[in-house]
Structure formats: structure tokens, C-alpha cells
Amino acid sequence: MPDPIHQFDLYRIFPLNLGGWDVSFTNSAAFMLLAVLLTVAFFVLATQSRALVPGRLQSVAEIAHDFVAGMVRESMGKEGMKFFPFVFSLFIFIFVCNMLGMIPLGFTVTSHIVVTAALAALVFVTVLVVGFARNGLHFLKLFVPSDVPIYVLPMITLIEVISFLSRPISHSVRLFANMLAGHITLKVFGGFVVMLLGAGSFAVLAPLPLLMAVAITALEVLVAFLQAYVFAVLTCMYLNDALHPGH
Amino acid sequence: MSPRERARFESRISELGEQLGKARSRREAELSVGADAEMRGRGMGYGMRMAAELVAAVIVGGVIGWSLDWVLGSRPWLFLLFFLLGFAAGVRNLMRMYERMQREFAARGGRIGQSAPDDD
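If you're wondering where the values come from, they're calculated on a predicted model, not measured in any experiment.

### Concerning the overall build of chain B
When its secondary structure is counted, chain B shows 2 helices and 0 strands. Within chain B, the fraction of its 120 residues that count as buried is 21%. Across chain B, contacts joining residues at least 24 apart in sequence account for 53% of those joining residues at least 6 apart. For chain B, the exposed surface amounts to about 9100 Å²; the carbon and sulfur share of it is 64%.

Pasting the structure below:
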């Protein structure tokens, strides 16, 4: 049976060592770079004509913009639009990375927790920095609910702090686990097809897992979009706490 | 327009209206099936998110307790305490998420956690 984990292997394309740190250019880095280049190329191309009545490419770019802008405005209000570039970049980057992973022989960057954790940590640190910069110590109100009797306040505060600290974990694990599990499932069903084909008369059953694999592929395309969306929505929600820590 | 022409015209109109009604109801049925599948997909997504939310908080609580124990040498008491606090924080996360979902659904004119009204 083909190893379902093999698809996540990292290997060095250009080995590089800087001051004792291994900063080699890996296949993961290559796909990240590809995602960024594709995104930039697409948006440069799509916004070239700037027609009042958009063509096909321009329509897609405008839909993407309005989709994220609506999300940002809905959860953070008008002042949240300052974070639009941040949220938009995150959403598009994750979306393109997930989609590149759906292409056969592609590599799914977001199926490595180190990548998703870095993205989640970026959001977490941004929330902390923006929260303290904008509200000063008022930001700490986030941990002290207003209508709580004084004798349970210490415990509630502790619980709120733990809840706050758990955010980057659930934020990153959700994206990573979804992509990892989906791709492993896909590979396992693909493996079943090959195994059944090689098992004599059982080969007549081979179309069954093949059908499953096709169905799961469709599901995975949906998941790839949905997880990018969920990541962006949660980012908006957390950033909203930094802007309005009162509630 | 002669009376006969008028009668034909009217029967033609009612026929067209009937066809239009049929086409509309078919289209609506298709749409509601799509919405149902979408809701189920969403429900699955929400379930996964809730699980992650709960587990993450328990892990954070456990790790904090474990490290405090390690620093203060009070094993295993702080671990147990913070494990429970982590669980409480997880439930808090779930409650918050539920409220948010409720608002989202309400904005779209639906409700969760409530079955369809039945006859009896």
C-alpha cells in the first residue's frame, strides 16, 4: 500500500545554512512562493483594465475583494477596514495554498502545523500589540467580565485568560487538522483502489473506493475554501476584541 | 377582439400561469434541497470547530498547570486545578461560539437548537 503520509514529506531544494541555522529552500517554501506569485500575478492581471463594466478576471478579483470586505465590515465595523489588507492577504494566501494542495502532485503547505501555527501566532501577536496600543491597560478588561460578583471574579478572570491563550491553538490546529485529515483520507482511498486491482477477482470492487475518492475530492475542495474562510472570520473576531475590548 | 378570441386569450393566459407556477415550485424545491445540504455541511464544520475549541482550552490549562507545578514543585495539585480551569475555559469558548452562531442564524432567519414544530 502506498504510504499515505509520504505526501507531507519535506525535502531540501537548495540546501542553505546561515550561522548554524538550517534555512534551506524546501518544497514547502517553493509552494508558498508559488502561491504568492500566482496571487500577485492574478491580481495584477485582473486589475489591469480597470473597466467600469468588469471583464471575467476583473469580476473574480472584485468578488474576492467584496467577499472579504463584507466579512471585515460585518465583524469589526467601519474602523476595522484598517485591517482589510491583513485579513485579505491571510485569506487569499491560505486559500491558494489549500487549492494548490488539491492539484495532483501538489504539496499542501497548510497541512504542516508549523505553518498554520506561525499564521495563528501572527494574528495573536497582532491582537496583543493593537489591543495594548489602542486601549492601553483597558485592553485587560477583556479578561474581566462586567456583571460578575466579586467573589468569583478571580476564578473567572483565570478562566478568561486560559480561554484567550487557547485561541491560537484552536485557530491553527483547525486548519492544519482539516487539511491533514482530508489529504490522508484521499490517499487511503486511492490506495484501496490500487490494492483491490492487484487482488485478483476482488478487482471488481475497485470502482467503489474510486467513487469515494472522487466524492471526497469534491468535499476537499469545499473544505479548502471553508477553512480559509473560517481562518479569516476568526481573525476578524479576534481583531475585533483588540478594537473593542469592552465586551 | 371578438368574444371567441377573448376566450382563447384567457384560456391561454391561465395555462401559462399554471406552467409558471409549476416551474416556480420546482425551482423552490431544488433550492430548499441545496439549502438543506448546505446546512448539514455547516453543522459538520461547526461540530469540528467546537471540538477544537474545547480541546485547545483543556490543553492550555493543563500545560499551564504542569509548568507551574514544575516551577513550584507542587505536583500534581496545580496541574489538576488548571486542568479543570481549562475545561471551564473550553466550555466558556463553546458558549461564546454558540451565541455567535445563534446570532448568525438569526440574521438569516433561522434558529438552531430547535426542532421543526410538529402536529401534536
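### Details of the interface of chain A and chain B
Facing 16 residues of chain A, the contacting portion of chain B comprises 18 residues. Of the roughly 1600 Å² buried at the junction of chain A and chain B (both faces included), carbon and sulfur atoms supply 70%. Of all residues in chain A, the largest losses of buried area upon contact with chain B belong to Ile159, Ile162 and Arg174 of chain A, amounting jointly to 32% of the total for that side. At the boundary of chain A with chain B, the tally comes to 3 salt bridges. The biggest single contributor to the side of chain A that touches chain B is helix α5 (residues 153–165) of chain A, with 7 residues. Residue composition of the side of chain A that touches chain B, by class: 10 nonpolar, 4 polar and 2 charged.

### Comments concerning the pattern of salt bridges
Across all of its chains, the model carries 7 salt bridges over all chains by this definition. A salt bridge links Asp22 of chain A to Arg12 of chain A, with the nearest nitrogen and oxygen atoms 2.6 Å apart. Placement of the pair is Asp22 of chain A in strand β3 (residues 21–22) and Arg12 of chain A in strand β1 (residues 12–14), with a sequence separation of 10 residues. Of the charged contacts, one joins Arg167 of chain A and Asp241 of chain A as a salt bridge, the two residues approaching to 2.5 Å between their closest N and O atoms. Of this pair, Arg167 of chain A sits in helix α6 (residues 167–197) while Asp241 of chain A is found in helix α7 (residues 207–243), placing the two residues 74 residues apart along the sequence. Both residues of the pair, Arg167 of chain A and Asp241 of chain A, belong to the buried class. Here the salt bridges do not stand alone but share partners, grouping Glu160 of chain A together with Arg92 and Arg96 of chain B into one network.

### Let's talk about the packing of helix α2 (residues 56–76) of chain A against α7 of chain A
All names here are of chain A. Where α2 contacts α7, the axes come no closer than 9 Å and their chain directions differ by 35°. The two elements α2 and α7 meet at a crossing, and its hand is right-handed. Across the interface between the two elements, Phe67, Met71, Val72, Ser75 and Met76 from α2 touch Phe225, Tyr229, Ala232, Val233, Cys236, Leu239, Asn240 and Leu243 from α7. Tallied by class, residues from the contact of α2 with α7 come to 11 nonpolar, 2 polar and no charged.

### Section: the environment of Thr108 of chain A
Residues and elements named next belong to chain A. Note on placement: Thr108 falls in the loop between α3 (84–102) and α4 (113–135). The class of Thr108 is buried, set by a relative accessible area of 3%. Taking the C-alpha atoms as reference, Thr108 lies 15 Å from Arg174; in sequence the two are 66 residues apart. Apart from residues no more than four positions distant in its own chain, Thr108 is found in contact with Gly101, Met179 and His183.

### Overview of the nonpolar core
Ranked by internal contacts, the top residues of the largest apolar core, which has 49 residues, are Val68, Val87 and Val127 of chain A. Those elements that place two or more of their residues in this core are α1 (27–46), α2, α3, α4, α6 and α7 of chain A. If one sorts the elements of this core by residue count, α7 of chain A sits on top with 12 residues. In this structure, Ile159 of chain A together with Leu78, Phe82 and Ala89 of chain B belong to the second largest nonpolar core, which totals 8 residues.

### Looking at the packing of aromatic side chains
Residue and element names in this part refer to chain A. Using the criterion set out here, one finds 19 aromatic pairs over all chains in the structure. Their ring planes at 85° and their centres at 6.3 Å tell us that Phe91 and Phe225 sit as a pair that is edge-to-face. Linking Phe91 in helix α3 with Phe225 in helix α7, this pair joins segments that are 134 residues apart in sequence. Take Phe225: its relative accessible area is 28%, and that puts it in the partly exposed class.

Basis of the calculations
Residues numbered from 1 in each chain as written. Chains lettered and ligands numbered in written order. Predicted model: local features only at pLDDT ≥ 70, side-chain atom pairs only at ≥ 80, totals over all residues. Heavy atoms only, no water. Helix = DSSP H or I, 4+ residues; strand = E, 2+ residues; numbered from the N terminus. Buried < 20%, exposed > 50% of the residue type's maximum accessible area, 1.4 Å probe, protein only. Contact = heavy atoms within 4.5 Å. Areas by Shrake-Rupley, 256 points an atom, 1.4 Å probe, with all protein chains shown as cover. Buried area = accessible area lost by both parts, 1.4 Å probe. Salt bridge = Lys/Arg side-chain N within 4 Å of Asp/Glu carboxyl O. Nonpolar A, V, L, I, M, F, W, Y, C, P; charged D, E, K, R; others polar. Axes fitted to C-alpha atoms, helices over the stretch in contact; angles between N-to-C directions. Left-handed = near helix turned anticlockwise from the far one by under 90°. Core = buried A, V, L, I, M, F, W, Y, C linked by side-chain atoms within 4.5 Å. Phe/Tyr/Trp six-rings, centres within 6.5 Å; stacked < 30°, edge-to-face > 60°.

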